[in-house]
Amino acid sequence: MMTDQHIPSAKRLLRTLNGEALWPPPMWLMRQAGRFLPEFRAMRAKADFLTRCMTPDIATELTLQPIKRFGMDGAILFSDILILPWAMGQSLEFVEGKGPVLGAIRSEQDLAKLDPARIAEVTAPVLETLTRLRKELNGPDKIGVAQPGATTLLGFTGAPFTVACYMVEGHGSREFAVTRQMAYAEPVLFDRLMDLLTQTTAEYLCKQIEAGAEAVMLFDSWAGLLSPSEFRKHVIAPSRQIVQTIKARHPSTRIIGFPRLSGVLVAEYARETGVDVVALDTGADIKIVRSMVPEHIGIQGNLDPVAVLAGGDAMKREALAIREAGRGRAHVFNLGHGVLPQTPVEHVAELVSTIRETA
């Protein structure tokens, strides 16, 4: 998977995304910029969520907080997967204790109200944040990390099916039954929505790369809700199209795909979409998955976030077993889902120290 592009030796995450098996593996954590950090909570009290996402000064600071504190190998843009539909004109509000609330897309008329031409203007602050982050991370040691230029900047979006779940349902759900019913009962309408999301997602990720992202991640958090046939249609096919678009314009940029809860279909996803690295959820066994996934595709994951919440010997035992399971393979250590808000900071610090032990 290695390319002839020059990759600074300090960028361990970028090297691994390009196929190198490093020991110990590079690491970063999903939701590493989040409510478990006291400095994040202090900023949270000053501005609502969308304001934080859309204000470059704030979003830059929040992205860098875990880098300053833990020296993670990856800094993932502070943003949200629902910025894209919001940028197209869908109403969006984040309600305390409830999560995102959107004006549900249930008809052709609702879909027709979305305007992809708005995306460039509305997301300009997000792209400005990426540009600032790239300068901060690759410039002089202004952010307190041990090695300036060592941190890889990650952009991201939600994958089309997962974003469609929120757009159709209008809120979070355990089953997203309305969305899945639409896919079966109104396939023309649902396919139109998926096509729109596939095209705009690919374009948005390309813009993130042009603004400074060194790699990007596609989050399909609800992929595992689908039957195999629907998974192939609504997860694999659009992801493949997005990857092909990105690779045509930015062939050296690496792409991480996260088909959460996909079970044995994770191998087909890895083979068929063209992603460079497949991220695993908590329930996947790296030892089994690595035998199913082609050798040139890297693996990311997959410690249980609850193990980090618990901390102590149990966390260290689980983390070291996962690290060992990835030995000899291009492996990025991460969680199987995001850091839980109630996680003690000390537990995350201990996890970082544990993974970076060289024994």
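This is a predicted model, so every value here is computed, not measured.

Asker: Hey, could you run me through the overall build of the protein in this one?
Answerer: Across its full length, the protein holds 17 helices and 9 strands. At 19 Å, the protein has a C-alpha radius of gyration in line with the 21 Å of a compact globule built from 359 residues. Along the first, second and third principal axes, the C-alpha set of the protein runs to 60 × 45 × 40 Å. By the burial criterion, 57% of the 359 residues in the protein qualify as buried. Taking all contacts inside the protein whose residues are at least 6 apart in sequence as the whole, residues at least 24 apart take part in 72%. In the form shown here, the protein has an accessible surface area of approximately 14300 Å², with 51% of it arising from carbon and sulfur atoms. Each charge class in the protein was averaged separately, 39 positive and 40 negative side chains, and the resulting centres sit 2 Å apart.

Asker: Is there a simple way to explain the side chain of Q90 in this structure?
Answerer: Along the chain, Q90 turns up in the loop between α5 (83–87) and β2 (92–95). At a separation of 3.2 Å, a polar atom in the side chain of Q90 contacts the main-chain carbonyl oxygen of M167. Apart from the residues within four sequence positions on either side, Q90 is in contact with P85, L102, G103, A104, I105, L114 and M167.

Asker: Would you explain the UniProt feature "site: Transition state stabilizer" (unreviewed entry) in the protein in this entry?
Answerer: Those places that UniProt annotates as "site: Transition state stabilizer" (unreviewed entry) correspond, in this numbering, to D80. Inspection of the secondary structure puts D80 in the loop between β1 (74–76) and α5. Look past the residues within four positions of D80 in its chain and what remains in contact with it is F49, C53, F94 and F156. Engagement of the side chain of D80 in a polar contact is seen with the backbone nitrogen of L82, the distance being 2.9 Å.

Asker: How should the packing of helix α16 (residues 312–325) against helix α17 (residues 345–355) be read in this particular structure?
Answerer: For any two helices packed against each other, the geometry is given by the interaxial angle and the distance between the axes. One can describe the packing of α16 onto α17 by two numbers: an axis separation of 10 Å at closest approach and a directional angle of 40°. In terms of crossing hand, the pair formed by α16 and α17 is right-handed. In this structure, α16 uses G312, M315, K316, A319, L320 and R323 to contact α17, whose residues at the interface are H347, E350, L351, T354 and I355. Residue classes in the contact of α16 with α17 are distributed as 5 nonpolar, 3 polar and 3 charged.

Asker: Hey, could you run me through the nonpolar core in this one?
Answerer: The tendency in soluble globular proteins is for nonpolar side chains to be buried side by side. Counting residues in hydrophobic clusters, the biggest one holds 121 residues, and the most contacted among them are W28, M72, M217, L303 and L351. Top element by residues in this core is helix α11 (residues 187–211). It accounts for 12 residues. Setting aside residues up to four positions removed in sequence, W28 forms contacts with L13, M72, G74, I76, L154, M217, Q300, V332, F333 and N334.

Asker: Any chance you could explain the state of the cysteines here in plain terms?
Answerer: In a disulfide, the sulfur atoms of two cysteines are held together by a covalent bond. Summed over the entire model, instances satisfying the criterion amount to 0 disulfides. Unpaired in terms of disulfides, C165 finds its nearest cysteine sulfur in C53, a separation of 20 Å. Under the relative-accessibility criterion, C165 is labelled buried at 0%.

Asker: What is the right way to look at the sheet that holds strand β6 (residues 254–259) in this model?
Answerer: As a general point, the strands of a sheet are linked pairwise by backbone hydrogen bonds and lie either parallel or antiparallel. Reading across from one edge, β1-β4-β5-β6-β7-β8-β9 is the order of the 7 strands in this open sheet, with parallel pairing throughout. With one partner strand each, in any of the chains shown, β1 and β9 (331–332) form the two edges of the open sheet. Two elements, strand β7 (residues 277–279) and strand β8 (residues 298–300), share 3 bridges in a ladder whose sense is parallel. Within β8, the residue paired with V278 across the bridge is I299.

Asker: Whenever I open this one, helix α4 (residues 56–70) confuses me. Can you help?
Answerer: A turn of α-helix holds 3.6 residues, and therefore any two residues three or four places apart point the same way. In this model α4 runs 22 Å from its N-terminal to its C-terminal C-alpha over 15 residues, within 8% of the 21 Å that 1.5 Å per residue would give. The largest bend along α4 measures about 35° and falls at L64, with the proline P66 one to four residues further on. Within α4, 11 of the 15 residues are buried, which leaves the element mostly enclosed by the surrounding structure. Looking at α4, one finds that the buried residues are P56, I58, A59, T60, L62, T63, L64, Q65, P66, I67 and F70. Lining the buried residues of α4 we find α2 (38–44), α3 (49–54), β1, α8 (124–138) and α17. Backbone geometry just downstream of α4 places G71 in the positive-phi region, at approximately 65°.

Asker: Teacher, can you tell me more about the pairing of strand β4 (residues 152–158) here?
Answerer: Consecutive side chains along a regular strand alternate between the two faces of the sheet. In terms of residue burial, β4 counts as a mostly covered element, since 7 of its 7 residues are buried. The side-chain alternation of β4 yields two buried faces, one formed by T152, L154, F156 and G158 and the other by L153, G155 and T157. Pairing geometry for β1 and β4, over 3 bridges, is parallel. Following the sheet pairing, I76 is matched in β4 by L154.

Asker: Is there a simple way to think about the environment of T157 in this case?
Answerer: Here T157 lies in strand β4. Spatially, the C-alpha atoms of T157 and I81 are 5.2 Å apart, while their sequence positions differ by 76 residues. If we ignore the near neighbours within four places in the chain, the residues touching T157 are I81, T201, Y204, L205, Q208, M217, L218 and F219.

Asker: Just to check I follow, could you spell out the UniProt feature "binding site: substrate" (unreviewed entry) in the protein for this structure?
Answerer: Per the UniProt annotation, the sites labelled "binding site: substrate" (unreviewed entry) are R31, Q32, A33, G34, R35, D80, Y166, S221 and H337. Look at the named residues: they lie 307 residues apart in sequence, and the longest C-alpha span between them is 22.8 Å, so in the fold they stay spread out. Of note, G34 is situated in the loop between α1 (12–17) and α2. On the basis of relative accessibility, which here comes to 8%, the residue G34 falls in the buried class.

Asker: Honestly, the environment of E318 in this entry has me stumped. Any pointers?
Answerer: By secondary structure assignment, the location of E318 is in helix α16. Distance from E318 to N302, taken between C-alpha atoms, is 9.8 Å for residues 16 residues apart in sequence.

What counts, and at which threshold
- Residues numbered from 1 in each chain as written.
- Predicted model: local features only at pLDDT ≥ 70, side-chain atom pairs only at ≥ 80, totals over all residues.
- Heavy atoms only, no water.
- Helix = DSSP H or I, 4+ residues; strand = E, 2+ residues; numbered from the N terminus.
- Rg over C-alpha atoms; globule rule 2.2 N^0.38 Å.
- Buried < 20%, exposed > 50% of the residue type's maximum accessible area, 1.4 Å probe, protein only.
- Contact = heavy atoms within 4.5 Å.
- Areas by Shrake-Rupley, 256 points an atom, 1.4 Å probe, with all protein chains shown as cover.
- Lys, Arg positive; Asp, Glu negative; His and termini not counted.
- Charge placed at Lys NZ, Arg CZ, Asp CG, Glu CD.
- Polar contact = N/O pair within 3.5 Å; in protein donor to acceptor, adjacent residues only side chain to side chain.
- UniProt positions renumbered as here; feature names shortened; annotations may be inferred.
- Axes fitted to C-alpha atoms, helices over the stretch in contact; angles between N-to-C directions.
- Left-handed = near helix turned anticlockwise from the far one by under 90°.
- Nonpolar A, V, L, I, M, F, W, Y, C, P; charged D, E, K, R; others polar.
- Core = buried A, V, L, I, M, F, W, Y, C linked by side-chain atoms within 4.5 Å.
- Disulfide = S-S within 2.5 Å.
- Pairing = 2+ DSSP bridges.
- Expected span 1.5 Å × (residues − 1).
- Bend = angle between axes of the 7 residues up to and from the residue.

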